[in-house]
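Structural characterization, general
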Amino acid sequence: MESTARTRARETGGNLPVDVTSFVGRRREITLTKRLLAESRVVTLTGPGGIGKSRLALRVATSMRRVFRDKSWRVELGELTDAALLADTISEQLSLGNTTSGNDVHTLIEYLRHREMLLVLDNCEHLVEACALLVDALVQACPGVRVLATSRQSLGVAGESTMVVPPLQVPDPEHLPPAEAYEQYASVRLFVERAKAVLPEFEPSADNGAVLMRLCHHLDGNPLAIELAVVRLRSLTLHQLEERLTERYELLTEGRRGAPARQQSLRALIDWSWDLCSEQDRRAWAYVSVFSGSFDLDAAEHVIDDSVGHAGAVGIVHSLVDKSVLMYEQEDGEGRYRLPHALREYGQEKLDAAGERESIECRHRDWYGALVERFATEWIGPDQVAWVNRLRKEQANLRAALHSALADADPHQATVALRMATRLGQYWGIRSLHGEARHWLDQALVVAAASPLERAAALRANGWFTLLQGDIITATPLLNEATSLTEREDDEIEHAYVTHTRGMAALFQGHLATADDLIETALASFRHHAAPHGELFALFGLGLVRGLDGRSEAGLALLGECLDTTTRLGEVFWRSYALWAVSHIEFSRDALGHAETAAKDALRLQRRMDNRLATTFSVDTLAWIAHRQERNKRAAELFGAAASMWEVTRTAPAFYAPFATDHGRHESRTRAALGEEEYRKHFDRGYQLTTGAAIDYALEVKQHTRAAPRENVHPMPLTRREREIADLVAQGRTNKEIAEKLVIAQRTVEGHVQHILTKLDFTSRAQIAGWIAGRKPPDSSH
Ligand SMILES: Nc1ncnc2c1ncn2[C@@H]1O[C@H](COP(=O)(O)OP(=O)(O)O)[C@@H](O)[C@H]1O
Ligand SMILES: [Mg+2]
């Protein structure tokens, strides 16, 4: 059953998303795709929008995940606008972090070279050329990787096999079988499944069987068209639906004489949904098409219109969800909306036709610009983990905002991009998106007509990311220009930031005396101006420098101050770095127990916000500690785990000279203690671990075995009412909507939902949806 399979997919790695609706048919296509994948390294599923390419690819990937040692991974490319970020986006969705400036195929290849996995590249159509180049390079260098792509057209890569995804089977209207035979057609099964979700009492029968089958024929067996048509059953009978559909087709063919009748069903359905929308709904549909990925209600409200007010915007969004134009999803208890791809394109066409694209993109940008400003102001505080998660959800929108700002003819917009990119520095650092940071900053610095101070801040941020990538030669002129700008403008705070960054550059090169001078100067200025972020950064930097310089007590005192302040402020980012620095100093004076405790404490915090570079430092340091504790096998394994992390963050101990010395010394001692062969064996074991498993190992947490997934068998654990509510939850209805539909109080619905969660041992509505989908009658593909 589906939900059981999904639970297993999660446990065994890979990143395949959860199905929220049932899957129908496709047995033949699944077999065929698998066969193609056995023969060719690249298989592309092609076909028109809505035909089911993505769904099929996901199904194949799920059923094949065990064939590959490193499982199946899906990378969603539909939201990516910048071909330059292709490799980075893939790296990121494979949870590798990334890379150097721009499109870094190299890291991706290094990571995949020794892996065996199925890589699904979903929705490649708008980036066909870039995808082709990348896939070509991948399959040549990575013998264990197979690629399953979905795209409206084939990629045109050597050795590629293409499969045109056919429509779901439809009955022949000239020779309709008896009504009860409908189940043999996947399109009709899909229609019935979705109809039951809209009208629980819907049942195919001898009376409606014929019209049902004719309808599926009219809908060309296009699953998206079927799903859109079914929504109309809320207010139309099947017969009425058929009539209206025929009218619609006539309308469409009038408009475009000569166009083939096939594949117009989807367009007709979308047109129809559009026509049924009120003027306000339509405007909102077109406006929300500027979002990339999912978005929340507040953002929608801002983009839709300032004049309709909150209640107005909420009403419009709900009305679009009701018409199945917008999808509603829940993530971490928060509701978000998403416009399906075909409807998004349609909305954008309307937006272009109305000449409103620029102004609405501008509103979108305003919203995310303001979000990023708030992030920067609130960063040093108790909400860091929440902020990182929030920005992660908005990543596609942040990229869209930066992209549209830089594409705008108005140079003022490039300045907006410059400011956003600078403010996002902290986030990119945590996500190890150093390359992406440079990508945006480089572009914005060329075109933006920013004030000297904004320019200085951007140069400084860009210099910092360049340093983290070990490129001191490129970083130096950036920092020099920033220095002269801040001197000329006489801005002490920005000047302190630049000075501090230059101090860190000196530290990375091992010039401890220079580093000490620069950071000390910066620290005094941060203190004088009460700039907490700078102060914490400088306390960490100076503490580390002094510790490395043999002044342990002085170093620990500064780090202690840093820790006190972070405790007071409730912040964990600098706290984790300070703890790591403490561990470094304790280690250098042989206090191994203290060193180990501090490094593990640091690692726990770093894991909470998925701070990848910091994690790498901590794991590496724990390896040295293990060596000195004479646990050399553990040390070798940790060195292996760290090696893989250094690779994927595209950094290296060598970029940080004082660190590199210790790293090298302890690694070679561990190697000598174990002997080459034994060392290799344990190193390789660590190298193969996923990041999560590596952290567990480093923390010496027992790998907890999860309870066996709940068997998906009768008896139904829910009461009838609960089952009814669970079905509605699975359709993405909110408690309020369910209350309205069932004519009961919202509070009662909340109580039921709580009961359902408790009974099923779930924590989210998405899990309920997955469970419901899994209980649907098995389809023919099983
Ligand atoms: N075999 C199927 N069973 C159930 N639903 C399907 C199936 N194929 C497609 N769908 C649904 O139809 C819609 C369009 O499918 P999708 O895979 O996104 O199409 P494409 O990628 O070709 O544009 C989605 O809502 C999807 O869930
Ligand atoms: Mg698709």
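The name given to the protein chain in an unreviewed UniProt entry is Non-specific serine/threonine protein kinase, and the organism recorded there is Haloactinomyces albus.

**Considerations on the site of ligand 1**
The local shell around ligand 1 holds 17 residues, among which V24, G50, K53, S54 and E227 are the closest. Interatomic distance of 2.8 Å between a backbone N/O atom of V24 and a nitrogen atom of ligand 1. Within the complex, the protein chains bury 85% of what would otherwise be the 550 Å² of accessible surface of ligand 1. When residues of the shell around ligand 1 are traced back to their parent elements, those giving at least two are helix 3 (53–64), helix 7 (186–198) and helix 9 (223–231). Each of domain 1 (4–164) and domain 2 (179–273) contributes no fewer than three residues to the shell around ligand 1.

**So, helix 35 (residues 720–730)**
Note on helix geometry: an α-helix contains 3.6 residues per turn, so any two residues three or four positions apart are oriented the same way. By the burial criterion, the buried members of helix 35 are E722, I725, A726, L728, V729 and A730. Of the residues flanking the end of helix 35, it is G732, one or two places downstream, whose phi is positive at about 85°.

**So, the sheet that holds strand 1 (residues 42–46)**
Pairing is parallel in the open sheet, where 5 strands are placed in the order 2-3-4-1-5. Each edge of the open sheet is held by one strand with a lone partner, namely strand 2 (72–76) and strand 5 (160–164). Ignoring strand direction, the axes of neighbouring strands in this sheet form an average angle of 20°. Of the pairings in the sheet, the one linking strand 2 to strand 3 (residues 117–122) comprises 5 bridges and is parallel in character. What sits directly across from E76, in strand 3, is D122.

**What about the coordination of the magnesium ion (ligand 2)?**
Six octahedral donors around a metal ideally subtend angles of 90 or 180 degrees, whereas four tetrahedral donors ideally subtend 109.5 degrees. Surrounding the magnesium ion (ligand 2) are the protein donor atoms S54 (OG) and N123 (OD1), which sit 2.1 to 2.2 Å from the metal. Note that S54 is positioned in helix 3 and N123 in the loop between strand 3 and helix 6 (128–141), a separation of 69 residues in sequence. Judged by relative accessible area, which is 13%, N123 ranks as buried.

**A few points about the packing of helix 28 (residues 573–588) against helix 29 (residues 592–608)**
Direction vectors running N to C along helix 28 and helix 29 enclose 160°, while the axes themselves pass 8 Å from each other. Here helix 29 runs roughly antiparallel to helix 28, going by the angle between their axes. Both helix 28 and helix 29 take part in a crossing whose hand is left-handed. Contacts between helix 28 and helix 29 involve R575, S576, L579, W580, V582, S583, E586 and F587 from the first element and L592, H594, A595, A598, A599, D601, A602, L605 and Q606 from the second.

**Side note on the confidence of the model for the protein chain**
Across the protein chain, the average pLDDT comes to 86, with 91% of residues at or above 70. Averaged over each element, pLDDT in the protein chain is lowest for helix 1 (residues 2–11) (33) and highest for helix 25 (residues 512–528) (97). In the model, residues 777–782 has pLDDT below 50 throughout and makes 14 contacts with residues more than four positions away in sequence or in other chains.

**Looking at the packing of aromatic side chains**
Per the counting criterion, the structure on display carries 32 aromatic pairs. Centre to centre, the rings of W574 and Y577 are 5.8 Å apart; their planes meet at 40°, and the pair counts as tilted. Of this pair, W574 and Y577 both sit in helix 28, 3 residues apart, roughly one helical turn. Y577 shares its class with W574; the two are buried. On the basis of an interplanar angle of 35° and a centroid distance of 5.7 Å, the ring pair of Y679 and F683 is categorised as tilted. Here Y679 pairs with F683, and both are found in helix 33 (residues 676–688), just 4 residues apart, close to one helical turn.

**A short note on the pairing of strand 3**
For strand 3, a buried count of 6 out of 6 residues is recorded, marking the element as mostly surrounded by other parts of the structure. Here strand 3 shows no split at all, with M117, L119 and L121 on one side and L118, V120 and D122 on the other all buried. Note that strand 3 and strand 4 (residues 145–150) share 5 bridges and pair parallel. When the bridges of strand 4 are listed, M117 appears paired with V145. For the segment spanning strand 3, helix 6 and strand 4, crossover handedness is right-handed.

**Observations regarding the pattern of salt bridges**
All told, the structure shown has 54 salt bridges when counted by the stated rule. Between E279 and R282 there is a salt bridge whose closest N-O contact spans 3.8 Å. Here E279 and its partner R282 are both found in helix 12 (residues 279–288), 3 residues apart, which amounts to about one turn of the helix. A salt bridge links R460 to E494; the shortest N-O distance between them is 2.9 Å. Here the residue R460 occupies a position in helix 22 (residues 452–468), and E494 occupies one in helix 24 (residues 492–508), the gap between them amounting to 34 residues. Residue R460 is classed as buried on the basis of its relative accessible area, which comes to 17%. Look at the salt bridges and you will find they share partners, linking D516, E520, R546, D549 and R551 into a network.

Quick notes on the rules
- Residues numbered from 1 in each chain as written.
- Chains lettered and ligands numbered in written order.
- Predicted model: local features only at pLDDT ≥ 70, side-chain atom pairs only at ≥ 80, totals over all residues.
- Heavy atoms only, no water.
- Near = heavy atom within 4 Å.
- Polar contact = N/O pair within 3.5 Å; in protein donor to acceptor, adjacent residues only side chain to side chain.
- Areas by Shrake-Rupley, 256 points an atom, 1.4 Å probe, with all protein chains shown as cover.
- Helix = DSSP H or I, 4+ residues; strand = E, 2+ residues; numbered from the N terminus.
- Domains from an automatic or database assignment.
- Buried < 20%, exposed > 50% of the residue type's maximum accessible area, 1.4 Å probe, protein only.
- Pairing = 2+ DSSP bridges.
- Axes fitted to C-alpha atoms, helices over the stretch in contact; angles between N-to-C directions.
- Donors = N, O, S within 2.8 Å, 3.2 Å for Na, K, Ca; no water.
- Parallel < 35°, antiparallel > 145°, perpendicular 65-115°, else oblique.
- Left-handed = near helix turned anticlockwise from the far one by under 90°.
- Contact = heavy atoms within 4.5 Å.
- pLDDT = per-residue confidence, 0-100.
- Phe/Tyr/Trp six-rings, centres within 6.5 Å; stacked < 30°, edge-to-face > 60°.
- Right-handed = clockwise from strand over helix to strand, strands pointing away.
- Salt bridge = Lys/Arg side-chain N within 4 Å of Asp/Glu carboxyl O.

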